[in-house]
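Each chain, written out:
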Amino acid sequence: MIEKDAFGFFVVLAGMTAVVYVTRIAGYWLIGRLVIGPRVRRMLDALPGSIIAATVVPTLVQGGPRALVALSATALVMIFLRRDFFAVLAGAAVAAGAFALGL
Amino acid sequence: MTSPETTPADTNPDKADPDNARWTFAGFRRGALDVLPFVPGITGFAMAYGTVAARKGMTLFEALLMSATVFAGVVQMVVLDSWPGTLSFAAIVGILALAALVNARYLMIGATLRPLFGGEPARKVYPTLFFLVEPNWLMSLRYYSKGGRDPAHMLGGGVAMYLTWVTMAVPGFIAGAAVGNPKQFGIDLVMPAFFVAILVPLWRGPRRSYGLIVGGLAAFATDFLFGGFWYLIVGALAGCLAGVFNDD
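Residues numbered from 1 in each chain as written. Chains lettered and ligands numbered in written order. Predicted model: local features only at pLDDT ≥ 70, side-chain atom pairs only at ≥ 80, totals over all residues.

**Student:** Now, about the overall build of chain A: what can you tell me, with residues and values included?
**Tutor:** Regarding its fold elements, chain A presents four helices and zero strands. Computed over C-alpha atoms, the radius of gyration of chain A comes to 21 Å, more than 25% over the 13 Å expected from 2.2 N^0.38 for 103 residues, which places it beyond the range of a compact globule. Overall size of chain A, expressed as C-alpha extent along the three principal axes, is 50 × 50 × 25 Å. Relative to its 103 residues, chain A shows a buried fraction of 43%. Counted over contacts in chain A with a minimum sequence separation of 6, partners at least 24 positions apart contribute 32%. (Helix = DSSP H or I, 4+ residues; strand = E, 2+ residues; numbered from the N terminus. Rg over C-alpha atoms; globule rule 2.2 N^0.38 Å. Buried ≥ 20, exposed ≤ 12 C-beta atoms within 10 Å, placed from the backbone. Contact = placed C-beta atoms within 7 Å.)

**Student:** Can you lay out the packing of helix H2 (residues 38-62) of chain A against helix H15 (residues 230-242) of chain B for me, pointing to particular residues and giving the numbers?
**Tutor:** Put simply, H2 of chain A and H15 of chain B touch, their axes get as near as 7 Å, and they point 145 degrees apart. Between H2 of chain A and H15 of chain B lies a crossing of right-handed hand. In this structure, H2 of chain A uses Met-43, Ala-46, Leu-47, Gly-49, Ser-50, Ile-51, Ala-53, Ala-54, Thr-55 and Pro-58 of chain A to contact H15 of chain B, whose residues at the interface are Tyr-231, Leu-232, Gly-235, Ala-236, Gly-239, Cys-240, Leu-241 and Ala-242 of chain B. Classifying every residue of the contact of H2 of chain A with H15 of chain B by side-chain character gives 13 nonpolar, five polar and no charged. (Axes fitted to C-alpha atoms, helices over the stretch in contact; angles between N-to-C directions. Left-handed = near helix turned anticlockwise from the far one by under 90°. Nonpolar A, V, L, I, M, F, W, Y, C, P; charged D, E, K, R; others polar.)

**Student:** Report on the interface of chain A and chain B, specifying residues and quantitative values.
**Tutor:** For interface size, the figure often reported is the accessible area lost on association. Between chain A and chain B, the contact holds 60 residues from the first and 76 residues from the second. For the side of chain A that touches chain B, the secondary structure elements donating two or more residues are helix H1 (6-33), H2, helix H3 (64-81) and helix H4 (84-100) of chain A. The dominant element in the side of chain A that touches chain B, judged by the number of residues it contributes, is H2 of chain A, at 20 residues. Grouping the constituent residues of the side of chain A that touches chain B by class yields 41 nonpolar, 12 polar and seven charged.

**Student:** Talk me through the confidence of the model for chain B; I want residue IDs and the actual numbers.
**Tutor:** Residue and element names in this part refer to chain B. With 90% of its residues at a pLDDT of 70 or more, chain B has an overall mean of 86. No element of chain B has a lower mean pLDDT than helix H1 (residues 13-16), which averages 41, and none a higher one than helix H11 (residues 152-167), which averages 98. Here residues 1-17 is a poorly scored stretch, pLDDT under 50, and it has nine contacts once near neighbours within four places are set aside; other chains count. For this predicted complex, the interface score ipTM comes out at 0.84, alongside a pTM of 0.81. (pLDDT = per-residue confidence, 0-100.)

**Student:** Report on the confidence of the model for chain A, specifying residues and quantitative values.
**Tutor:** Taken as a whole, chain A shows an average pLDDT of 90; of its residues, 96% reach a score of 70 or greater. Within chain A, the lowest mean pLDDT, 87, falls on H2 of chain A, and the highest, 95, falls on H3 of chain A.

**Student:** Which residues make up the nonpolar core, and what are the values?
**Tutor:** In this structure, Ala-70 of chain A together with Val-190, Ala-193 and Phe-194 of chain B are the most contacted members of the largest nonpolar core, which totals 100 residues. Residues from two domains meet in this core; each of domain 1 (16-190) and domain 2 (203-248) of chain B gives at least three. Look past the residues within four positions of Ala-193 of chain B in its chain and what remains in contact with it is Ala-70, Leu-71, Thr-74, Ala-87, Val-88, Gly-91 and Ala-92 of chain A. (Core = buried A, V, L, I, M, F, W, Y, C linked by C-beta atoms within 7 Å. Domains from an automatic or database assignment.)

**Student:** Report on unusual backbone geometry, specifying residues and quantitative values.
**Tutor:** Despite not being glycine, Arg-82 of chain A shows a phi value in the positive range, around 60 degrees. Within the secondary structure, Arg-82 of chain A sits in the loop between H3 and H4. Judged by C-beta crowding, with 12 C-beta atoms within 10 Å, Arg-82 of chain A ranks as exposed. The phi dihedral of Phe-71 of chain B falls on the positive side, at around 50 degrees, and the residue is not glycine. Since 22 C-beta atoms lie within 10 Å of it, Phe-71 of chain B is described here as buried.

**Student:** Before we move on, could you go through the domain arrangement of chain B and cite the residues and values that matter?
**Tutor:** Residue and element names in this part refer to chain B. Examined at the domain level, chain B breaks down into domain 1 (16-190) and domain 2 (203-248). Counting residues at the interface gives five residues for domain 1 and four residues for domain 2. Contributions of two or more residues to the side of domain 1 that touches domain 2 are made by helix H6 (89-102) and helix H7 (105-112). Residue composition of the side of domain 1 that touches domain 2, by class: four nonpolar, no polar and one charged.

**Student:** Residue-level account of the environment of Met-161 of chain B, with values.
**Tutor:** Residue and element names in this part refer to chain B. Tracing the sequence through the fold places Met-161 in helix H11. Judged by C-beta crowding, with 26 C-beta atoms within 10 Å, Met-161 ranks as buried. Here the alpha-carbon distance between Met-161 and Leu-189, two residues 28 residues apart in the chain, equals 17 Å. Setting aside residues up to four positions removed in sequence, Met-161 forms contacts with Val-35, Phe-38, Ile-42, Val-133, Pro-135 and Asn-136.

Following this line, the structure appears as structure tokens:
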């Protein structure tokens, strides 16, 4: 149960708001203070891909066969059609079908 | 395109070329429309949050206030889940450390926005970053890769996600456990599917995709060995370092 101490609750809330906002701005702020040479430039270029790959791979592995077939369908549609909306739709449809089949 | 009389380029350079217009309502609207595919997923998550908040004994006002100020689904869920019996000073520090750890991936996400927003005024960029979440990050990366240049795109997507996140906690709070199984319609996989869809065009052959490969492998290994939230941070950092070796 959340404690009925209203003051404590608002202290936690204010702290959480501040901490979460700092995580949102700190990376942007910090990179702006660096002199961006070719090495840092390459690292920054590689960053979106590595974040996205890092997010997806454990989901893919832990999600079992249902996640595997659904996300494979997304990848295939994307490779051949290059339309992300349909790729996501195909993934969700396959996931729903796999759920119905008990995967 | 137009005569100088109708478009005084010397007084307002942004208006001179419509393709370069910044912070426009059109860009905001486009960003809001681009995140629409995420609305069902966020709605399900917000309802689940509302349900958990109700079960934990929060008032509706407290639950919505947390959504409106923190605006970070995973952080809110994890903090509610681990709420201490008594709010000692140490417990508060623990909660805040947990919040920072869970959201640490945004340090890296924020860094990717520097090349996009670096030329924009700080007084506009920093308030916009309050609304930074994964859906509008993904959609804005895509929008910029297709040549879009209006930062209002990110703001529009963020505000749309914000309104969905805050308001959709209400039915969850009221209905309690009546939230259906999101797996039935594949809603739980919409976000990972978007990640995969964005990943496909980012793949530029093995010799130019070391970041992607190393990031994925490092995240998998970390997740396998340690669990928890570390996989994202380790994966993103490893991939970022490996990116130095990408061919140009």
